[in-house]
Amino acid sequence: MPVRERHLARLFSVRQAAEAVAGLARGEDAEALRVAWLLVSLESAHTWLPDAPEPPDSMDREDSEIQDEAFQLSLAMITARGGRG
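Computed from a predicted structure; not experimentally measured.

Thresholds, definitions, all that
- Residues numbered from 1 in each chain as written.
- Predicted model: local features only at pLDDT ≥ 70, side-chain atom pairs only at ≥ 80, totals over all residues.
- Heavy atoms only, no water.
- Helix = DSSP H or I, 4+ residues; strand = E, 2+ residues; numbered from the N terminus.
- Buried < 20%, exposed > 50% of the residue type's maximum accessible area, 1.4 Å probe, protein only.
- Contact = heavy atoms within 4.5 Å.
- Core = buried A, V, L, I, M, F, W, Y, C linked by side-chain atoms within 4.5 Å.
- Axes fitted to C-alpha atoms, helices over the stretch in contact; angles between N-to-C directions.
- Parallel < 35°, antiparallel > 145°, perpendicular 65-115°, else oblique.
- Left-handed = near helix turned anticlockwise from the far one by under 90°.
- Nonpolar A, V, L, I, M, F, W, Y, C, P; charged D, E, K, R; others polar.
- Patch = residues over 30% accessible without salt bridge, like charges linked within 9 Å, V, L, I, M, F, W, Y side chains within 5 Å.
- Areas by Shrake-Rupley, 256 points an atom, 1.4 Å probe, with all protein chains shown as cover.
- Salt bridge = Lys/Arg side-chain N within 4 Å of Asp/Glu carboxyl O.

Chemist: Please clarify how the overall build of the chain should be interpreted in this entry.
Modeler: Regarding its fold elements, the chain presents three helices and zero strands. Element order for the chain, N to C, with α for helix and β for strand: α-α-α. Each of the 85 residues in the chain was classed as buried or not, and the buried ones make up 32%. In the chain, once contacts between residues fewer than 6 apart in sequence are set aside, the share between residues at least 24 apart is 82%.

Chemist: Looking at this structure, I do not really get the nonpolar core. What am I missing?
Modeler: Ranked by size, the top nonpolar core spans 14 residues in total, and within it Ala-18, Leu-42, Met-77 and Ala-80 carry the most contacts. Elements with a contribution of two residues or more to this core: α1 (3-26), α2 (32-48) and α3 (64-82). Considering every element that reaches this core, the biggest residue donor is α1, with six residues.

Chemist: How should I be thinking about the packing of α1 against α3 in this particular structure?
Modeler: Geometrically, a packed helix pair is captured by the angle between its two axes and the distance between the axes. At a minimum axis separation of 8 Å, α1 and α3 run at an interaxial angle of 20 degrees. Considering their axes alone, α1 and α3 lie roughly parallel with respect to each other. Crossing geometry of α1 relative to α3 is assigned as left-handed. Residues Arg-4, His-7, Leu-8, Leu-11, Phe-12, Val-14, Arg-15, Ala-18, Glu-19, Val-21, Ala-22 and Arg-26 of α1 form the contact with α3, whose own contacting residues are Glu-65, Ile-66, Glu-69, Ala-70, Gln-72, Leu-73, Ala-76, Met-77, Thr-79 and Ala-80. Of the residues contributing to the contact of α1 with α3, the split by class is 13 nonpolar, three polar and six charged.

Chemist: When you look at a nonpolar patch on the surface in this model, what are you seeing that I'm missing?
Modeler: Where nonpolar side chains cluster on the molecular surface, the patch consists of Leu-33, Trp-37 and Val-40 and spans about 360 Å² of accessible area. Within the secondary structure layout, Val-40 lies in helix α2.

Chemist: How should I be thinking about the environment of Gln-67 in this particular structure?
Modeler: By secondary structure assignment, the location of Gln-67 is in helix α3. Since its relative accessible area comes to 40%, Gln-67 is described here as partly exposed. Residues Gln-67 and Leu-8 lie 59 residues apart in sequence; the distance between their C-alpha atoms is 9.8 Å.

Chemist: Looking at this structure, how should I read the pattern of salt bridges?
Modeler: Oppositely charged side chains are able to pair whenever their charged atoms sit close together. A complete count under the given rule lists two salt bridges for this structure. Here Arg-15 ties to Glu-19 by a salt bridge, and the two come within 3.1 Å at their closest N and O atoms. Here Arg-15 pairs with Glu-19, and both are found in helix α1, just four residues apart, close to one helical turn. Taking the relative accessible area as the measure of exposure, Arg-15 reaches 14% and is therefore buried. The partner of Glu-69 in a salt bridge is Arg-15, with the nearest N and O atoms 2.7 Å apart. Taken together, the positions of Glu-69 in helix α3 and Arg-15 in helix α1 put the pair 54 residues apart, joining distant regions of the chain. Exposure class is identical for Glu-69 and Arg-15. Each is buried. Several salt bridges share partner residues, and in doing so they unite Arg-15, Glu-19 and Glu-69 into one network.

As structure tokens, then:
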């Protein structure tokens, strides 16, 4: 898989996880401790994911699709961090 597509897939995967955690945090059925552990796991996935959130040097940083996906990931992470609030 080319570098660009691999990077986009990584951003998308973390964004999906963030959206899932945000959905669980909004639900009434999830215990606060479980949501906290999910958030810690999400932050770890976001931090330890290779090449994320910054694209590799060989990639065009002005690529609008990459910028959009990175922006969507940022929004999803903010929503997930917002929790039940």
